[in-house]
Amino acid sequence: MKFWTAVAAASLFTASEVAAAPQAIQARPSDLKSRNIEGRSFKLAQIKNVHFNQHGKGPRALAAVYEKYDIELPETLLMVLRQILLDIGFDLRARSLVLARNATAPYKNNTAQGEVTATPIPFDVEYLTPVDIGNPPQTLPLCFDTGSSDLWVFSSNTPKSQQGGQKLFQIDNSTTAQKLQNHTWSIRYGDGSGSSGEVYLDTVDVGGIKVENQAVETANQVSSSFTRDEHSSGILGLGFQSINMVRPTKQKTFIDNALKSLAMPLFSANIRKAEEGNYNFGFIDETEYIGNLTMIPVDAASGYWKFKGTAFSTGFNGSNSAISDIVVPLEHPAIADTGTTLLMIPEAIVQAYYRQVAAAYDSKIYGGWVFPCNSTLPDLTLYIGSYKAVIPGELINFAPADLDDPATATICYGGVQSSRGFPFAIYGNVFFKAHWTLFHVEEKKLGFAPRSGD
């Protein structure tokens, strides 16, 4: 699709819908009152995974998004991924799996049962956060993920053949662990693999906030996609309860159970470029962002932190001056997902952006949009109602593609990729590195503001 064709189509499609943009409200921290004057608040720093494998970082990050949302990988990306896995020593001997597909997964056509050959996607996590589980407490490094609603961990129930050196939750070592009878959990991924197991109720402590009888999903089976990452022991989901995967009764998330203990019923993500960021619970740190917050309503019924993107504009890098900074209406559903690395947005926006980058192209060799590493990338502006979210070009240069060393690489992988085939755009960490984000659990709103300088 040519650039102007994409823009025209976007404009025609959304012109009548611009008035339906989400209501954005400017707010100061003083406008968001503490609900519990005796409640707690705390800052929790991320921990860098120093063993994170940088090889093929871009295609792996893109493949991980397909996996997470149970979308079938494009064949070209799958071929790229297989070569990357061979390069890093992953065992790709064919494995035929007969499994019951997850009937609740809405985003691909699944048969009730089928035989598949799985290509594992390595879910390496670059930044983790410590969480204490059990009594006495066992500290496990977990990925905080606003795009899911399950707290699941590698445990003593996980078969040794599916462990990769992770720190395990030793169930029998916790005096407070109680099995939730007749309850199980199961999550399926886009490669046909899955993770599943039993459910225990136990004490979970995040930053000094203790929740008793929190559902902890212990893995009896783990997708090989997770097994390879020895430094991540699981995931702590911060989405809404409706997408919790425990059956027959969905369980409350940690944040749902912790709300009554927090001074304010909210948390925030302060994700930083190339270094550890932090999550704040129960308070707002005004030093972490610039100006006022713009509050946006969330469609919590979806289970995700879902909102409406409304328009976009592309920056100017010395050419195409006639089309730079034109605001193009393009309404699209989107979610705020700290568990996704990339910024996945509609194809029309992606094409419009990379049209401004000389020699950028959607590569079959690298499985996504790439460009010369010496390119001066323009900014990308995404509008969320009245909020103008500028993504600096330097954040869109995500990773080297042809070589692992940024100093010698000549082709680089874009941090902005297409959400074509997905049910929504996914605003991941490329977005959060530019914009401090507040998650107001009780009011079901998101708050955005430009991050303050590092």
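Here the structure is a predicted model, which is why all the values come from computation and not from measurement.

### Here's the deal with the state of the cysteines
(1) Moving on: Under the criterion given, the structure shown has one disulfide.
(2) Moving on: Disulfide pairing is shown between Cys373 and Cys412; the S-S distance is 2.1 Å. Residues Cys373 and Cys412 are joined by a disulfide whose S-S torsion is about 105 degrees; by sign, that bridge is right-handed. Here Cys373 is found in the loop between β21 (368-372) and β22 (380-384), whereas its partner Cys412 is found in strand β25 (residues 411-414), with 39 residues between them in sequence.
(3) Moving on: According to the relative accessible area criterion, Cys373 is buried, its value standing at 18%.

### A short note on the packing of aromatic side chains
(1) Moving on: Scanning all chains against the criterion turns up 25 aromatic pairs.
(2) Moving on: On the numbers, 5.6 Å between centres and 85 degrees between planes, the contact of Phe431 with Phe448 is edge-to-face. Separated by 17 residues along the polypeptide, Phe431 in helix α8 (residues 429-432) and Phe448 in strand β29 (residues 445-450) bring together distant segments of the chain. By the burial criterion, Phe431 is buried, and Phe448 matches it.
(3) Moving on: A connected cluster of aromatic rings, assembled from ring pairs, spans Phe42, Phe144, Phe240, Phe267, Tyr279, Phe281, Trp305 and Phe439.
(4) Moving on: Lying over the aromatic face of Phe398, Lys57 brings its terminal NZ or CZ to 4.9 Å of the ring centre.

### Overview of the sheet that holds strand β20 (residues 361-363)
(1) Moving on: Sheet architecture is open: four strands sit in the order β20-β21-β25-β24, paired in antiparallel fashion. Every interior strand has two partners, whereas the edge strands, β20 and β24 (397-400), have only one. Taken over all neighbouring pairs, the strand axes of this sheet differ in orientation by 50 degrees on average, direction set aside.
(2) Moving on: On top of the sheet, helix α2 (residues 57-68) reaches β24 and β25; it is set at about 120 degrees to β24, its chief contact.

### Details of the pattern of salt bridges
(1) Moving on: With the rule as written, the count across this model stands at ten salt bridges.
(2) Moving on: The shortest N-O distance in the salt bridge between Asp337 and Lys68 comes to 2.8 Å. Here Lys68 lies in helix α2 and Asp337 lies in the loop between β18 (328-336) and β19 (343-345), a separation of 269 residues in the sequence.
(3) Moving on: You can call Asp337 buried: its relative accessible area is 0%.

### Here's the deal with helix α6 (residues 347-354)
Along an α-helix, a turn takes 3.6 residues, which lines up residues three or four apart on a common side.
(1) Moving on: Within α6, eight of the eight residues are buried, which leaves the element mostly enclosed by the surrounding structure.
(2) Moving on: Restricting attention to buried positions, one finds in α6 the residues Glu347, Ala348, Ile349, Val350, Gln351, Ala352, Tyr353 and Tyr354.

### Looking at the pairing of strand β17 (residues 306-314)
(1) Moving on: The buried count for β17 comes to seven of nine residues, which makes it a mostly enclosed element.
(2) Moving on: As paired elements, β17 and β18 share six bridges and run antiparallel to each other. In the strand pairing of β18, Lys308 is matched with Pro333.
(3) Moving on: One ladder, built from four bridges, connects β17 with β22; its direction is antiparallel.

### Concerning helix α3 (residues 75-87)
(1) Moving on: Helix length check: α3 (13 residues) gives 19 Å between terminal C-alpha atoms against 18 Å at 1.5 Å per residue, within 8%.
(2) Moving on: Listing the buried residues of α3 in full gives Leu77, Leu78, Val80, Leu81, Ile84 and Leu85. Relative to the axis of α3, the buried residues are bounded by an arc of 160 degrees and lie together on one face.
(3) Moving on: Immediately downstream of α3, the backbone of Gly89 shows phi near 85 degrees, a positive value.

### Re the side chain of Glu347
(1) Moving on: Along the chain, the position of Glu347 falls in helix α6.
(2) Moving on: Here Ser418 takes part through its side chain, which lies 2.6 Å from a polar atom of the side chain of Glu347.
(3) Moving on: A polar atom in the side chain of Glu347 sits 3.2 Å from the side chain of Arg420.
(4) Moving on: Discounting chain neighbours no more than four positions away, the residues touching Glu347 are Ser418 and Arg420.

### What about the pairing of strand β12 (residues 234-237)?
On a regular strand, one side chain projects to one face of the sheet and the next to the other, so that they alternate.
(1) Moving on: Judged by which residues are buried, β12 turns out to be covered on both faces: Gly234 and Leu236 on one side and Ile235 and Gly237 on the other are all buried.
(2) Moving on: Pairing geometry for strand β7 (residues 138-145) and β12, over three bridges, is parallel. The residue of β12 that forms the bridge with Phe144 is Leu236.
(3) Moving on: In terms of strand pairing, strand β8 (residues 151-153) meets β12 through three bridges, oriented antiparallel. Bridge pairing in β12 links Val153 to Gly234.

### Comments concerning the confidence of the model for the protein
(1) Moving on: On average, residues of the protein score 84 in pLDDT, and 82% of them reach the 70 mark or higher.
(2) Moving on: Confidence over residues 1-20 falls short of pLDDT 50; this stretch has 23 contacts with residues more than four positions distant or in other chains.
(3) Moving on: In the predicted structure, residues 317-323 sits below a pLDDT of 50 and forms eleven contacts with residues beyond four places in sequence or in another chain.

### Re the environment of Gly385
(1) Moving on: Mapped onto the secondary structure, Gly385 falls in the loop between β22 and β23 (387-391).
(2) Moving on: Note on Gly385: relative accessible area 19%, which makes it buried.

### Focus: the sheet that holds strand β1 (residues 25-27)
(1) Moving on: With respect to topology, seven strands assemble into an open sheet ordered β1-β16-β29-β28-β14-β15-β2, the strand pairing being antiparallel. In this open sheet, the two edge strands, each paired with only one partner strand, are β1 and β2 (42-45). Averaged over all pairs of adjacent strands, the angle between their axes in this sheet comes to 25 degrees, without regard to strand direction.
(2) Moving on: Strand direction decides the pairing type here: strand β14 (residues 266-272) and strand β28 (residues 435-440), joined by four bridges, are antiparallel. Considered in β28, the bridge of Ala269 is made with Thr437.

### Points about unusual backbone geometry
(1) Moving on: Of the consecutive residues Asn135 and Pro136, the connecting peptide bond is found in the cis state with omega at -5 degrees.
(2) Moving on: Cis geometry is found at the peptide bond from Arg247 to Pro248, where omega equals 10 degrees.
(3) Moving on: As for its placement among the helices and strands, Pro248 is situated in the loop between β13 (246-247) and α5 (254-258).
(4) Moving on: A positive phi angle, near 55 degrees, is found at Asp70, a position not held by glycine.
(5) Moving on: Relative to the elements of secondary structure, Asp70 occurs in the loop between α2 and α3.
(6) Moving on: The backbone of Lys444 sits at a positive phi, close to 55 degrees, despite the residue not being glycine.
(7) Moving on: Looking at where Lys444 falls in the secondary structure, it is placed in the loop between β28 and β29.

Scoring rules and cut-offs
Residues numbered from 1 in each chain as written. Predicted model: local features only at pLDDT ≥ 70, side-chain atom pairs only at ≥ 80, totals over all residues. Heavy atoms only, no water. Disulfide = S-S within 2.5 Å. Helix = DSSP H or I, 4+ residues; strand = E, 2+ residues; numbered from the N terminus. Buried < 20%, exposed > 50% of the residue type's maximum accessible area, 1.4 Å probe, protein only. Phe/Tyr/Trp six-rings, centres within 6.5 Å; stacked < 30°, edge-to-face > 60°. Lys NZ or Arg CZ within 6 Å of the ring centre and 35° of its normal. Pairing = 2+ DSSP bridges. Axes fitted to C-alpha atoms, helices over the stretch in contact; angles between N-to-C directions. Contact = heavy atoms within 4.5 Å. Salt bridge = Lys/Arg side-chain N within 4 Å of Asp/Glu carboxyl O. Expected span 1.5 Å × (residues − 1). Arc of directions from axis to C-beta. Polar contact = N/O pair within 3.5 Å; in protein donor to acceptor, adjacent residues only side chain to side chain. pLDDT = per-residue confidence, 0-100.

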